[in-house]
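Structural description and commentary
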Amino acid sequence: MMIKNAPYRYSDFQSISIKYGPKDSLINQFSSKTGDYQYLNKRDSLVKVHIRLTDDDLLYLHHKAADLGFWDFPANERGDTTSADKPTRYVIEFKYKTKTKKVTFDSNFAGDPKLIDANKQLIKEIDQSLTTAENRLKK
């Protein structure tokens, strides 16, 4: 059995950040380094909260990114910028001691369907972790 060293080890993990929204305004943002989280709610009101993801949350996201092949995603997954509709742009960044992986993904990206699904799954997992962390604050 071969053991492959991952290019990004959790022991070197420093932070994760995500920004998303219309490509000209990435108003929705989270940084695990600062704990700052802001997003537009269903009533278009800007909500700002300070949340911390647990070590288990961060480890889960690290492993989920590895499972989905995030380290092999192209850095630029931008869609058609000339279309009339405004796609949602996501900028996901995992920072480690010596390496950083940053991916820009547009919701109208016209690439490999498996790659698109993997991006959407990672975004869903991050969003779910943020929702869980925010709900812990409300208890």
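Just above, that's the structure.
Residues numbered from 1 in each chain as written. Predicted model: local features only at pLDDT ≥ 70, side-chain atom pairs only at ≥ 80, totals over all residues. Heavy atoms only, no water.

1. Examining the sheet that holds strand S6 (residues 88-96)
Formally: The pairing criterion for strands is at least two bridges between them, as found by DSSP. A run of H or I in DSSP counts as a helix once it spans at least four residues, and a run of E counts as a strand once it spans at least two, with each numbered from the N terminus. Here a residue-residue contact requires only that any non-hydrogen atoms of the pair lie within 4.5 Å. What counts as an axis is a line fitted to C-alpha atoms, over the stretch in contact for a helix, and the angles between N-to-C directions run from 0 to 180 degrees.
Strand order in the open sheet formed by seven strands is S4-S3-S2-S1-S6-S7-S5, with mixed pairing between adjacent strands. A strand with exactly one partner marks an edge of an open sheet, and here the two such strands are strand S4 (46-50) and strand S5 (76-77). Where strand S2 (residues 28-31) meets strand S3 (residues 36-40), two bridges bridge the pair, whose relative direction is antiparallel. If you follow Phe30 over to S3, its bridge partner there is Tyr37. Relative to the sheet, helix H1 (residues 55-68) contacts strand S1 (13-22) and S6, its axis offset from that of S6 by approximately 110 degrees.

2. Remarks on the nonpolar core
Side chains of a nonpolar character, in soluble globular proteins, are inclined to be buried together. Defined as follows: Residues belong to a common nonpolar core when they are buried Ala, Val, Leu, Ile, Met, Phe, Trp, Tyr or Cys residues joined through side-chain atoms within 4.5 Å. When a residue's accessible area, from a 1.4 Å probe over protein chains only, is under 20% of the maximum for its type it is buried; when over 50% it is exposed; and in between it is partly exposed.
By size, the foremost hydrophobic cluster in this structure holds 33 residues, and its most contacted members are Phe70 and Phe94. The set of elements that each furnish at least two residues to this core consists of S1, S3, H1, S6, strand S7 (100-106) and helix H2 (113-138). No other element matches H2, which puts eight residues into this core. The residues contacting Phe70, other than those within four sequence positions of it, are Ala65, Ile92, Phe94, Lys101, Val103 and Leu122.

3. Examining the packing of aromatic side chains
Heads up, the rule is: Each pair of aromatic rings taken from Phe, Tyr and Trp, with Trp reduced to its six-membered ring, is defined by centres within 6.5 Å and is described as stacked if the planes are under 30 degrees apart, edge-to-face if over 60, and tilted in the remaining cases. Charge over a ring is defined by NZ of Lys or CZ of Arg lying within 6 Å of the ring centre and within 35 degrees of the ring normal.
Going through the model one piece at a time under the given rule, you end up with 14 aromatic pairs. Taking 4.9 Å as the distance between ring centres and 35 degrees as the angle between the ring planes, the aromatic pair formed by Tyr37 and Tyr39 counts as tilted. Neither residue differs from the other here; Tyr37 and Tyr39 are each classed as buried. Chaining the aromatic ring pairs together yields one cluster made of Tyr8, Tyr10, Phe13, Phe70, Trp71, Phe73, Phe94 and Tyr96. The positively charged end of Lys99 is found above the aromatic ring belonging to Tyr8, 5.6 Å away from the centroid.

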